[in-house]
Amino acid sequence: MNAIRIEASRCPQNHFCPVINICPSGAIIQKSPFSAPEIDYSKCTSCGKCVRYCGFGAFNKVIG
Ligand code: SF4
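Let me sum up the structure you'll find in this document. (Residues numbered from 1 in each chain as written. Predicted model: local features only at pLDDT ≥ 70, side-chain atom pairs only at ≥ 80, totals over all residues. Heavy atoms only, no water.)

**What to know about the side chain of S46**
Which entries qualify depends on this criterion: Runs of H or I in DSSP of at least four residues are treated as helices and runs of E of at least two as strands, each being numbered from the N terminus. When accessible area is computed with a 1.4 Å probe and restricted to protein chains, residues below 20% of their type maximum are described as buried, those above 50% as exposed, and intermediate ones as partly exposed. Here, residues are in contact when the closest pair of their heavy atoms is within 4.5 Å.
Tracing the backbone shows S46 in the loop between strand 3 (38-39) and helix 1 (49-53). Classification of S46 by relative accessible area gives buried; the value is 13%. Setting aside residues no more than four positions away along its own chain, S46 makes contact with N2, A3, I4 and K61.

**Brief notes about the pattern of salt bridges**
Put simply, the rule is: Just to be clear on terms, a salt bridge is a Lys or Arg side-chain nitrogen sitting within 4 Å of an Asp or Glu carboxyl oxygen.
Applying the stated criterion across every chain yields a total of three salt bridges. With a closest N to O distance of 3.7 Å, E7 and R10 form a salt bridge. When its relative accessible area of 43% is taken as the criterion, R10 is described as partly exposed. Here E38 ties to K31 by a salt bridge, and the two come within 3.1 Å at their closest N and O atoms. By relative accessible area, K31 is classed as exposed at 64%. It is possible to trace a salt-bridge network through shared partners that takes in R5, E7 and R10.

By themselves, these are just geometric observations and shouldn't be taken as functional.
What follows is the structure, encoded as structure tokens:
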């Protein structure tokens, strides 16, 4: 199954994550205003929008 993985080291962790607003499933969470986002896998459908949207490449689709 394909899954989305977040590479926190690619995220500068200094801003509100704009990808939260483009996820159609509400599956992206940011626990504090400047932390790297996390994925709620109970909601994520692996649509890949976050992978295309994040300018830092912090969202990756893992094929498996
Ligand atoms: S793959 Fe789609 S549903 Fe999953 S976190 Fe990214 S935008 Fe949201």
